[in-house]
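Residue-level structure breakdown
Residue-level listing of the chains:
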There are 4 protein chains.
Amino acid sequence: MNTIGHIFRLTTFGESHGTAIGGVIDGCPARLELDFDFIDNELRRRKTVQTETASQRQEPDRIEWLSGLLDGVTLGSPVAFMVRNEDAKPEDYEVLKDVYRPSHADFTYEQKYGLRDWRGGGRASARTTLPIVVAGAVAKQVMREKGVEIQAETVFMGDAEQAQREGDTVGGVVECRIMGLPAGLGEPMFGKFSAELAHAMFSLPAVKGFEIGDGFAMARMKGSEANDGFAVKNGKTIVATNHSGGIQGGITNGNDVVFRVAFKPIPSLAKPQQTVNRAGEACEIAISGRHDVCALPRAVVSVEALAALVTVDALMMANMQ
Amino acid sequence: MNTIGHIFRLTTFGESHGTAIGGVIDGCPARLELDFDFIDNELRRRKTVQTETASQRQEPDRIEWLSGLLDGVTLGSPVAFMVRNEDAKPEDYEVLKDVYRPSHADFTYEQKYGLRDWRGGGRASARTTLPIVVAGAVAKQVMREKGVEIQAETVFMGDAEQAQREGDTVGGVVECRIMGLPAGLGEPMFGKFSAELAHAMFSLPAVKGFEIGDGFAMARMKGSEANDGFAVKNGKTIVATNHSGGIQGGITNGNDVVFRVAFKPIPSLAKPQQTVNRAGEACEIAISGRHDVCALPRAVVSVEALAALVTVDALMMANMQ
Amino acid sequence: MNTIGHIFRLTTFGESHGTAIGGVIDGCPARLELDFDFIDNELRRRKTVQTETASQRQEPDRIEWLSGLLDGVTLGSPVAFMVRNEDAKPEDYEVLKDVYRPSHADFTYEQKYGLRDWRGGGRASARTTLPIVVAGAVAKQVMREKGVEIQAETVFMGDAEQAQREGDTVGGVVECRIMGLPAGLGEPMFGKFSAELAHAMFSLPAVKGFEIGDGFAMARMKGSEANDGFAVKNGKTIVATNHSGGIQGGITNGNDVVFRVAFKPIPSLAKPQQTVNRAGEACEIAISGRHDVCALPRAVVSVEALAALVTVDALMMANMQ
Amino acid sequence: MNTIGHIFRLTTFGESHGTAIGGVIDGCPARLELDFDFIDNELRRRKTVQTETASQRQEPDRIEWLSGLLDGVTLGSPVAFMVRNEDAKPEDYEVLKDVYRPSHADFTYEQKYGLRDWRGGGRASARTTLPIVVAGAVAKQVMREKGVEIQAETVFMGDAEQAQREGDTVGGVVECRIMGLPAGLGEPMFGKFSAELAHAMFSLPAVKGFEIGDGFAMARMKGSEANDGFAVKNGKTIVATNHSGGIQGGITNGNDVVFRVAFKPIPSLAKPQQTVNRAGEACEIAISGRHDVCALPRAVVSVEALAALVTVDALMMANMQ
């Protein structure tokens, strides 16, 4: 269950402080000349942070391409890549070995697997979005050849600088727009375009909400306010408004697909919190380490990347018949 | 893409006005004595409606069990079932044959398939939730043997009676709670319990938003407000609060899983709307027929059913090792 | 695990003596006008038997189409169908309730599920090939539009009439040829065209061997005898011989794909056999009932049907990029 | 389609002369202490060759473990590994850039992808079995904890030394036995244990035939000769003979699973062969390079590895209910 996609599929691997983190893209079209500068730049976007709100870990994040390429061109075979965790300092985390950080995955992983990787967040770390961003960058290249673009931005973020002073953290909301999509993408029952997006977004750490078009606000509208009427423009039938966020019956209608993703605050606080250790004793924890105050600056490109993976998969599915 | 689940899998079929609608449950445990009364009752819940707000179609919805059973006990082979569309009146829909109903799937299906079933909503009709409710009832039986219960309710609904008088419709929000789940369910990367729930809920018609725990509200909290601390109770480590909705890192933590689903208003309005016909001419449409004013009374049991399907699948996945 | 195919997918259901047997075709292209006469004729081929060698059960095998069609044309939604088991006489099998028939699946099903359907072969019956033949007939229609044809025949069969006199049964070998395939079908690693065919053929009851091209005989050839050289014909590069059976590296080369399937004798013997009952006591069994002396006359069309399912799936996969 | 398995899943990547070759094992149980010596030894078995019959390439094949481990113990997250292609000499293959080697995958890959990796066999090289052997070694460890063992051996091989003198190659047959399997493994319809094995074996390069139990010979037997009767031994019902190769109705019966795999001769001949180049001109080719005379010495451990992958997957599937 570390694979996303039906045809254009990404399998990821790696823990935050293991040897390496990476992925395998299976089903990537052949004869695509990878734009390595673009991909590196996407990785840099993942690290673009305001000094005040972001962790200080400075991994070089140099991508090593392992397979699937000949002279930079895809062969149709799996494109594997990795980034070494060169800056890993597991000893920083030694103090966390026996205590469950509140609202982290420490406890749930231990319940699931009977052990956990205490070095950083292990498999639950936000570092696991790195291979998603790399594969998303490849997907964006595939997508662009079909005239589809994706753009996400932060539309709400808590007051990060004040939170940082208080040893606290904040959350926020990212909005994403997919432009240039043909009508007819998505499967009608269990692979609706909206459902695939929702699934993908909930794969990101700290996501607690997803809505498409006018989303939760539509629950308070009347049908006559919420409906998107049709119109004729330049002899072509179009959907005149976009309350639906570009999707009807789970299938794209030719309008921009617009959705929003809610991120909770990062759970690692410098402030002391009550918790319990592995021996079942109540204790206090204050997490120093290198941690962001807000996930959003890094999350924007991850949202785009997952949207790109879902979009390319849907574009390829639509070519099948 | 008419299949949901990895191990406990449901494949559904049927259009609203075709011969029959039904499903195949693959991976259902053997030796389960089906409680047919309970299943029938769940179907009745799907039809429980306030007279004023609901469509008048009175299908008997008699389930015919086709396979997978010997004397009412599951054999381990696929459990297939169907309900005939006995009350189908396709002629009611003849007027809709050449016109796209606003915010319906008419246009998107036609773009995708090059034709569409104009008889009612076809495959996009809310009637396609019927096999989901049947399979969900089976899942609930499997789940109960492990002490897990699911309960959903409408927590917000627009003013249906007024909307009906105006030829309009309303939306709402359903909240669902899964109780008795063990910690450790869900896959950590692309099959997070939350992601599977999100995908499942967006498979329902008219869903535009999904949030778990405090959801979108968490985007405005500080970490110190949003975090769920641990505590020791009766010698057992528990999560003391439930802002996270029972899930950390995508995996259940032993608390109730709580989520909300936003439904847009039903798009079929008695009120006239502007639209376009298949010839590309602007026209007006007023949809009489038998249509609900609000999806929610029927949707509650569908939300539970999909949650049950996701839960049983996750329980079975957790047994594998 | 009652589903075959990646894109063009068939899910089957039904036991030999349950209410009905059928299937759901998911991923069937829209706008296909089904040739019901052809499909019925394929079902008749499945029943074409020499009087002396075949069982006497005369099910009418009337297909009821449940969904996915509008005026006989596919809608793109799942095409579900069923055939009722009208001639079922479970009481014939009452004597088999507590005894394991040698080389049948009675014992293995009971070990797997903790119970079994003793009415005929249940889910292990050759009757389960019925939905395969129906779906295969649909696949043949899809395939033909692309100029691909499939033809199977019995190339070896034991002496059925003598075996029948002795209360015994015989096996045989079916050879199948797929003609008109483009080069480039099949996936290179774990979805090789040959591997998908092998998997499909071993899904049929009584299959114990599968070989492609010169098959097992190639183990005794030298490379210089076994290799298929290239030649130029009408300005086109072709493979001049066909020891490989149309496949190199798992991918079609443009030649006919040729493979053979070995069927063991039907295990139901009128002759008495030593066995054990459910109480763990040694006993004797002589199976009267209605049983074929040889599976092959019926199996030929099933081999074709599965080959058609694999072929259409591969054709659709090849369209994706 | 570079993934095998449903629960215990292996995704492989890499071309023979790319940067690296490797795999990702998803679904590996947590808390398994990997036996690295055993795994290395399995890789050595893959290289165990008679001097006279095997290629001279001497890759060190040092496995680098990238993820999924903490102090050598599996975490439950994906276990990724790779081996660098350090000894790669693509220039040796420059002459093959524009010519199709008979019975190789050069032509079919080019037809499929519009380009091909001319450096060695690329993705079609036998070197792609390396990650299969590594993952198979991990699977063997999982399997052993449940008392299951696998052993394969060459039961027929052509006269390799004479073939080598003639610039020719030979094929052969490998037999494999899985011991200690519980009854009840395998899915009854499309995931039969036999079908999964057949699919897996046809994933190996040069495989042209697969048979289980008495296989093709059963086509010439009578039912009374082919059937496996039941007997009682130490108070337990057992299958007294093993013509079926441990499988009935696709499900294990508790006996050893025994199957045979036919390999064609390696297609790379020192002897000149007629072929065609990419310009469509007839030409002659004599392949010098480093090539085995027979695939079998290396193939035995690959057969075992794939059988182990299929077995562990089936064992985990059987635990689900």
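Residues numbered from 1 in each chain as written. Chains lettered and ligands numbered in written order. Predicted model: local features only at pLDDT ≥ 70, side-chain atom pairs only at ≥ 80, totals over all residues. Heavy atoms only, no water.

Right, let's talk about the overall build of chain A for a bit. Within chain A one finds seven helices and 17 strands. In terms of overall size, chain A behaves like a compact globule, its C-alpha atoms giving a radius of gyration of 21 Å where 321 residues would be expected to give roughly 20 Å. Considering only C-alpha atoms, chain A reaches an extent of 70 × 55 × 35 Å along its principal axes. Residue burial in chain A is summarised as follows: out of 321 residues, 68% are buried. In chain A, the proportion of contacts linking residues at least 24 apart, taken out of those at least 6 apart, comes to 70%. In the form shown here, chain A has an accessible surface area of approximately 10300 Å², with 45% of it arising from carbon and sulfur atoms. Where the 34 positive side-chain charges of chain A centre and where its 41 negative ones centre are 2 Å apart. (Helix = DSSP H or I, 4+ residues; strand = E, 2+ residues; numbered from the N terminus. Rg over C-alpha atoms; globule rule 2.2 N^0.38 Å. Buried < 20%, exposed > 50% of the residue type's maximum accessible area, 1.4 Å probe, protein only. Contact = heavy atoms within 4.5 Å. Areas by Shrake-Rupley, 256 points an atom, 1.4 Å probe, with all protein chains shown as cover. Lys, Arg positive; Asp, Glu negative; His and termini not counted. Charge placed at Lys NZ, Arg CZ, Asp CG, Glu CD.)

Accessible area lost upon the coming together of the parts serves often as the stated size of an interface. At the interface, 93 residues of chain C touch 94 residues of chain D. A buried area of about 7700 Å², summed over both sides, lies between chain C and chain D, and 65% of it is on carbon and sulfur atoms. Per-residue buried area on chain C facing chain D is highest for Met1(C), Phe190(C) and Phe230(C); these three make up 12% of the total on that side. Counting the contacts that link chain C with chain D gives four salt bridges. Residue Glu166(D) is joined to Lys222(C) by a salt bridge in which the shortest nitrogen-to-oxygen separation is 2.8 Å. Joining chain C to chain D, the criterion identifies 36 residue pairs in polar contact (both at pLDDT 80 or more). The element contributing the most residues to the side of chain C that touches chain D is helix α2 (residues 106-113) of chain C, with six residues. A breakdown of the residues in the side of chain C that touches chain D according to their chemical character gives 42 nonpolar, 35 polar and 16 charged. The pairing of strand β10 (residues 207-212) of chain C with strand β10 (residues 207-212) of chain D spans three bridges and is antiparallel. (Buried area = accessible area lost by both parts, 1.4 Å probe. Salt bridge = Lys/Arg side-chain N within 4 Å of Asp/Glu carboxyl O. Polar contact = N/O pair within 3.5 Å; in protein donor to acceptor, adjacent residues only side chain to side chain. Nonpolar A, V, L, I, M, F, W, Y, C, P; charged D, E, K, R; others polar. Pairing = 2+ DSSP bridges.)

So, on to the side chain of Arg9(D). Looking at the secondary structure, you find Arg9(D) in strand β2 (residues 9-13). Discounting chain neighbours no more than four positions away, the residues touching Arg9(D) are Met1(A), Asn2(A), Thr3(A), Thr3(D), Ile4(D), Val24(D), Ile25(D) and Asp26(D).

Mapping Phe107(B) onto the fold places it in helix α2 (residues 106-113). Assessed through its relative accessible area of 5%, Phe107(B) is described here as buried. Remark: the alpha-carbon pair of Phe107(B) and Gln151(B), spanning 44 residues in sequence, is separated by 35 Å. Not counting residues up to four positions away in its chain, the partners in contact with Phe107(B) are Ala183(A), Phe230(A), Thr237(A), Asn253(A) and Tyr100(B).

With that settled, consider the relation of the copies chain C and chain D. When chain C is brought onto chain D, the operation consists of a screw motion whose angular component is 180 degrees and whose axial shift is 0.0 Å, with 0.0 Å RMSD remaining. Here the symmetry operator amounts to a two-fold rotation axis. Interface overlap between copies: 100% of the residues of chain C at the interface are likewise at the interface in chain D, consistent with a symmetric, same-surface contact. (Least-squares fit on C-alpha atoms with pLDDT ≥ 70 in both.)

Okay, unusual backbone geometry next. In the Ramachandran plot, Asp71(A) falls in the positive-phi region, its phi being about 55 degrees despite a non-glycine side chain. By the secondary structure assignment, Asp71(A) is in the loop between β5 (69-70) and β6 (73-74). Note on Asp71(A): relative accessible area 74%, which makes it exposed. One non-glycine residue, Asn234(B), lies in positive phi territory at about 50 degrees.

The biggest cluster of nonpolar side chains holds 306 residues, and the ones touching the most others in it are Leu197(A), Phe259(A), Phe259(B), Leu197(C), Phe259(C) and Phe259(D). Once residues lying within four places of it in the same chain are set aside, the contact partners of Phe259(C) are Val174(C), Glu175(C), Cys176(C), Ile178(C), Leu197(C), Met201(C), Phe210(C), Glu211(C), Ile212(C), Val303(C) and Ala307(C). (Core = buried A, V, L, I, M, F, W, Y, C linked by side-chain atoms within 4.5 Å.)

Residue and element names in this part refer to chain D. The buried fraction of helix α2 (residues 106-113) is high, at seven of eight residues. Buried within α2 we find Asp106, Phe107, Thr108, Tyr109, Glu110, Lys112 and Tyr113. Backbone geometry just after α2 places Gly114 at a positive phi near 80 degrees.

Next up on the list: the pairing of strand β11 (residues 230-233) of chain D. Residue and element names in this part refer to chain D. The sheet contact formed by β11 and strand β12 (residues 236-239) spans four bridges and is antiparallel. Following the sheet pairing, Lys233 is matched in β12 by Lys236. Where β11 hands over to β12, the hairpin turn is made up of two residues, of which Asn234 adopts a positive phi near 50 degrees.

The next point concerns the sheet that holds strand β2 (residues 9-13) of chain C. All names here are of chain C. With antiparallel pairing, five strands are arranged side by side in an open sheet as β1-β2-β3-β7-β4. Here the strands that pair on one side only, and so sit at the sheet edges, are β1 (3-4) and β4 (63-65). Where strand β3 (residues 20-26) and strand β7 (residues 79-84) come together, six bridges link them in antiparallel fashion. Among the inter-strand pairings, Ala20 is bridged to a residue of β7, identified as Arg84.

Below, the discussion takes up the packing of aromatic side chains. Within the structure shown, the criterion is met by 34 aromatic pairs over all chains. Plain terms: the ring middles of Phe202(C) and Phe210(D) are 5.3 Å apart, the flat faces sit at 80 degrees to each other, and that makes the pair edge-to-face. Here Phe202(C), found in the loop between α5 (193-201) and β10, pairs with Phe210(D), found in strand β10, and the two come from separate chains. Accessibility assignment for this pair places Phe202(C) and Phe210(D) in one class, buried. Put simply, the rings of Phe36(A), Trp65(A) and Phe81(A) pair up and form one aromatic cluster. Across the ring face of Tyr113(C), the terminal group of Lys112(C) is positioned such that the distance to the ring centre comes to 5.7 Å. (Phe/Tyr/Trp six-rings, centres within 6.5 Å; stacked < 30°, edge-to-face > 60°. Lys NZ or Arg CZ within 6 Å of the ring centre and 35° of its normal.)

Attention now goes to the sheet that holds strand β4 (residues 63-65) of chain D. Residue and element names in this part refer to chain D. Pairing in this open sheet of five strands is antiparallel, and the strands run β1-β2-β3-β7-β4 from one edge to the other. Only two strands of the sheet have a single partner each, and these edge strands are β1 (3-4) and β4. The pairing of β1 with β2 spans two bridges and is antiparallel. Bridge assignment links Thr3 to a residue of β2, and that residue is Thr11.

What follows concerns helix α3 (residues 130-144) of chain B. Across its 15 residues, α3(B) extends 21 Å between first and last C-alpha, which sits within 8% of the 21 Å expected from 1.5 Å per residue. Of all 15 residues in α3(B), 14 are buried, a share of seventy percent or more. (Expected span 1.5 Å × (residues − 1).)

The next thing to look at is a negative patch on the surface. On the surface, a cluster of negative charge is made up of Glu33(A), Asp35(A), Asp37(A) and Asp40(A). Within the secondary structure, Asp40(A) is located in helix α1 (residues 36-47). (Patch = residues over 30% accessible without salt bridge, like charges linked within 9 Å, V, L, I, M, F, W, Y side chains within 5 Å.)

Angle between the axes and distance between the axes are the two parameters that describe a pair of packed helices. Residues and elements named next belong to chain D. Between helix α1 (residues 36-47) and helix α7 (residues 296-318), whose axes approach to 6 Å, the crossing angle comes to 140 degrees. Here α7 runs oblique to α1, going by the angle between their axes. Packed against α1, whose contacting residues are Glu42, Arg45, Arg46 and Lys47, the element α7 presents Pro297, Arg298, Val300, Val301 and Glu304 at the interface. Taken together, the residues of the contact of α1 with α7 break down into three nonpolar, no polar and six charged. (Axes fitted to C-alpha atoms, helices over the stretch in contact; angles between N-to-C directions. Parallel < 35°, antiparallel > 145°, perpendicular 65-115°, else oblique.)

When pLDDT is averaged along chain A, the result is 93, and 94% of the positions lie at 70 or above. For this predicted complex, the interface confidence score (ipTM) comes to 0.96, while the overall pTM stands at 0.96. (pLDDT = per-residue confidence, 0-100.)

Right, let's get into the pattern of salt bridges. Scanning the model with the defined rule gives 91 salt bridges over all chains in all. For the salt bridge of Asp106(A) with Arg116(A), the shortest nitrogen-to-oxygen distance reads 3.7 Å. With Asp106(A) in helix α2 (residues 106-113) and Arg116(A) in the loop between α2 and α3 (129-144), this residue pair connects regions lying 10 residues apart in the sequence. Between Arg127(C) and Asp61(C) there is a salt bridge whose closest N-O contact spans 3.2 Å. Of the two residues, Arg127(C) sits in the loop between α2 and α3 (129-144) while Asp61(C) sits in the loop between α1 (36-47) and β4, which places them 66 residues apart along the sequence. Among the ionic contacts, a cluster of salt bridges with common partners joins Asp98(A), Arg101(A), Asp106(A), Glu110(A), Arg116(A) and Arg278(A).

Moving on: the pairing of β2(C). Residue and element names in this part refer to chain C. Of all five residues in β2, five are buried, a share of seventy percent or more. Residues Arg9, Thr11 and Phe13 of β2 are buried on one face, and the alternating residues Leu10 and Thr12, pointing to the opposite face, are buried as well. Connecting β1 to the next strand, β2, in antiparallel fashion are four residues, including Gly5 with a positive phi near 105 degrees. With five bridges connecting them, β2 and β3 associate as antiparallel partners. Note that in β3 the partner of Thr12 across the bridge is Gly23. Where β2 folds back onto β3 in an antiparallel hairpin, the turn is made up of six residues, including Gly14, whose phi is positive at roughly 115 degrees.

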